Each structure stands twice: as C-alpha cells, then as structure tokens.
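Observations on the three-dimensional arrangement
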Amino acid sequence: MTEDTAEHALPLTILAEDEAILRDSVREFADAHVRPLVREMDEHAKIPRELVNRLFELGVMGVEIPETYGGSGGTFFHAVLAVEELSRVDPSVGVLVDVQNTLVINALLRWGSEDIKRRYLPRLASNVVGAYALSEAGSGSDAFALTTSARRDREGFVLNGRKLWITNANEADLFLVFATIDPAAGYRGITAFLVERGFDGFAVGKKEDKLGIRASSTCELIFEDCYVHEGNILGAPGKGYKTAIETLNEGRIGIGAQMIGLAKGALQHAVAYTKERKQFGKAIADFQAVQHQLARAAVDVEAATLAVYNAARLREAGRPFLTEAAICKILSSEVAERVTSLAVNLFGGNGFVKDYPVEKLYRDAKIGQIYEGTSNLQLQTIAKQILG
Ligand SMILES: Cc1cc2nc3c(=O)[nH]c(=O)nc-3n(C[C@H](O)[C@H](O)[C@H](O)COP(=O)(O)OP(=O)(O)OC[C@H]3O[C@@H](n4cnc5c(N)ncnc54)[C@H](O)[C@@H]3O)c2cc1C
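Per the stated rule, a full pass over the model turns up ten aromatic pairs. On the basis of an interplanar angle of 15° and a centroid distance of 4.1 Å, the ring pair of Tyr-273 and Phe-347 is categorised as stacked. Of this pair, Tyr-273 sits in helix H7 (residues 240-276) while Phe-347 sits in the loop between helix H9 (322-346) and helix H10 (358-365), and the two are 74 residues apart along the sequence. Note on accessibility: Tyr-273 and Phe-347 belong to one class, buried. Ring geometry for Phe-280 and Phe-287: centres 6.2 Å apart, planes at 85°, overall edge-to-face.

Contacts to the ligand come from 18 residues, most closely from Ser-135, Ser-141, Trp-165, Thr-167 and Thr-374. Here Tyr-132 contributes a backbone N or O atom positioned 2.7 Å from a nitrogen atom of the ligand. Residue Trp-165 places a main-chain N or O atom 2.7 Å away from a nitrogen atom belonging to the ligand. If the ligand stood free it would expose 980 Å²; the protein chains cover 64% of that surface. Spatially, the ligand is embedded in the largest pocket. At the level of elements, strand S3 (156-167) and helix H11 (375-387) are the ones that each hand at least two residues to the shell around the ligand. When grouped by side-chain class, the residues that make up the shell around the ligand number eight nonpolar, eight polar and two charged.

Each value, and the rule that gives it
Residues numbered from 1 in each chain as written. Predicted model: local features only at pLDDT ≥ 70, side-chain atom pairs only at ≥ 80, totals over all residues. Heavy atoms only, no water. Phe/Tyr/Trp six-rings, centres within 6.5 Å; stacked < 30°, edge-to-face > 60°. Helix = DSSP H or I, 4+ residues; strand = E, 2+ residues; numbered from the N terminus. Buried < 20%, exposed > 50% of the residue type's maximum accessible area, 1.4 Å probe, protein only. Near = heavy atom within 4 Å. Polar contact = N/O pair within 3.5 Å; in protein donor to acceptor, adjacent residues only side chain to side chain. Areas by Shrake-Rupley, 256 points an atom, 1.4 Å probe, with all protein chains shown as cover. 1 Å grid on protein atoms, 1.4 Å probe; cavity = no way out; pocket = protein on both sides within 12 Å on 5 of 7 lines; lining within 4 Å. Sits in = over half its atoms within 2 Å of the grid points. Nonpolar A, V, L, I, M, F, W, Y, C, P; charged D, E, K, R; others polar.

If you want it as structure tokens, here you go:
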C-alpha cells in the first residue's frame, strides 16, 4: 500500500488533532486579544508591542522552530492555520506572523549554518521580529534586477543601497537582506545577508501610508556602508536567488492563508448582519437574492480554502507545489476581493463607514493581488506549467 492510495487520503479540510488544537487556540486568542484593537490599529497604523509580545507567548512567532532552539516545534501547516485564524480578525496581524514564519524563519531553517541557527532561532522564537528585504524601487516583479550592493571588505561585506516596501520593518530587529556581490553576474551575484537593527550604516526609513493592512508596517531600508560579517551570509555567496525564489514559493501559500482568513471573516460578518438587519418587514437574509449571494461567497471561500490547504499539504509532504501555490494565491486573493466587496454591499450604508468592520477588510483584501508576486506573475507561473 503506498501513501497515494485512498486508504491514506484524508479529506483536505480534516485537521489532525494537533492542528485543530492550534487553530482553536489561535482563534480564541484572535477574538480575545486582537479583535478589540482592530479599529485602533488601523487608525494609528500600528501594531502595539504588547500584542506582538502576546503573539510570542502564544508560540505563533516561531511555529516551525524546533523546540531545541526554543520554538514551538510545529509544522508549515500549523503556520498556515495560525495566519488564517489571525487574518480572519485582522490581516495586518496575519501578515506579521506570516513573514516571520513562512519567509524569515523558513529561510533560516533551510539555509542557516548551525552557528546562524544557534544565534538567531532562539531570539526569533522568543522576542525578535524578522523582516524579508528583496524589493527595491526599481525591482519589484523583476526582483533580481536589484541594485543593493555588497562589496568585499575585511572578513565580510559592505552593503550600500535601498530597499522598499519592507513588511515588519518597524517591529523587526532582524532583516534578511538580498544584495548583489557582483552586478555583472546577474542573478548569480545575489547573496542573502542577515542584518541586525543596530548594525552601523543601517537605518529603517520612511513608512508607507497605505490603503489597507495599515497596521502592518511597510518601510524603506537604507544601507550606507553597512558592514556585515561573512558569518551572517545565509547560504552561500551568489546563491541568494535560490533562497529568495524558494522562500517566496512557500510564502505565497501563507498569503493564500491570509486571504482565506480575511474572506471567512468578511463572510461571517455578512451572515450575522443580514440575519439581523430588517427591511420590508423581514431580515434581509430572508430574501432569496441575498441568500444566493451569500451562497456564492461560500462557494468561493470553499474553493480557495481547498486550494490553499492543498498547496500547504503538498509542501508539507515534500511534493512539488509551485503551480498549486501560484493557483492558491491568485484564487484566494480574488475571492477575498469579491467576498469583502459583497460584504460591503450587504451592509448597505453601514458597509461604507468605519463603525462597521467590513470596509477595512475590503481595503485589506487588495494587497493579496500585489505582494509576493502580483497576479500577473502567478499567471505566468501557471501558464508555464500548462504550456510545458
Ligand atoms: C504592503 C506591501 C508590503 C510588501 N512587503 C514586502 C516585503 O516584506 N519584502 C519585499 O521584498 N517586498 C515587499 N513588497 C513588495 C512587493 O512584493 C512588490 O510591490 C510586488 O512584487 C510588485 O512589484 P512592484 O510594486 O515593483 O510592481 P511592478 O513590478 O512594477 O508591477 C506593476 C504592474 O506590472 C505588472 N507586470 C510587471 N511585470 C510583468 C510581466 N512580466 N508580465 C505581466 N505583467 C507584469 C504587474 O503584474 C503589476 O500589475 C510589499 C509591497 C507592498 C505594497
């Protein structure tokens, strides 16, 4: 009997006991500790440090870090569930946890030397937020056209340049930074460096004022003769492109989780509101037109959830998942946009004001089609697969 046989094929949405326990505890946490802060965090464009500390205490900031390094010793799927549950309440908190786990910690676990793991994983599990710095003003979709340079100096490299759009930059103390050690070598010059907030020549710059996920910080990073010891190179010099590609392939599933959580949150609000709001003498949920709209949204959410869970389970099983990750990201981000738009419509005038939660989720949904590879880039990946 192989693992492909029906006997072992569990339905995608059936969670193992440990997965269900984690999902429930994060759900409870999100309702108790995140929900009361959502509006204030959106208005002030900030996640309070006390909430970040609570996320560490909950264990969701170091999901896959082995217990020997002080982490939760969990799985990739656990991280996906945590991001989904937090995003159901606030996608800004969802992305903070997502970048920490699916990009930064993931990269350190896969490419970190024992020395790097020993120095950084216990901190990432206990109180250090990480950020992932690839994009620049001139290199977004064309990420490997980056120009931040790393010049050999003494026992390390000196970094110069600027990064743009870096999530978690205000909260982070550790930055995974991609720079080129040889511009003439193209992508083969790209190298991944670990930069600490306090390193000389490194500063966090302007914070963006955004449409959605406003509480999640997005900032510029500035490197002016920033010396990084070679012991802080992640993986080998010139191999940073591989680290970037492979972590982003997995990170995309985390964004899928953020988007399905967001869509589920919006649908939940829409169901509750339409059962309560009365027009023409009855609840608006009693109108068949409204019921069909809610049913369509449920179809969308189910399809996106299956796509995200399938990609996550494939990754977990060590199977190829590149196309499935692209599919899950494009589908879930489109679903999030559609479902939140419907939720705004069903709230009527109340959908358009900040006293109700759905206008924020509508704004938050848009980012899913932009970061970690725009929808056009996901389509390119899928097309490459089907055209051979
Ligand atoms: C809130 C936020 C948080 C972010 N967080 C991070 C982070 O933590 N770390 C990080 O490194 N980056 C981050 N980014 C950057 C993000 O990944 C980029 O914005 C994204 O990859 C798109 O790049 P760009 O903005 O330069 O757009 P462009 O690449 O200029 O794209 C503009 C448009 O052109 C289209 N396009 C481009 N090339 C093609 C093509 N070949 N075929 C078809 N269409 C194409 C795109 O689909 C898009 O519609 C973040 C961005 C935002 C807005």
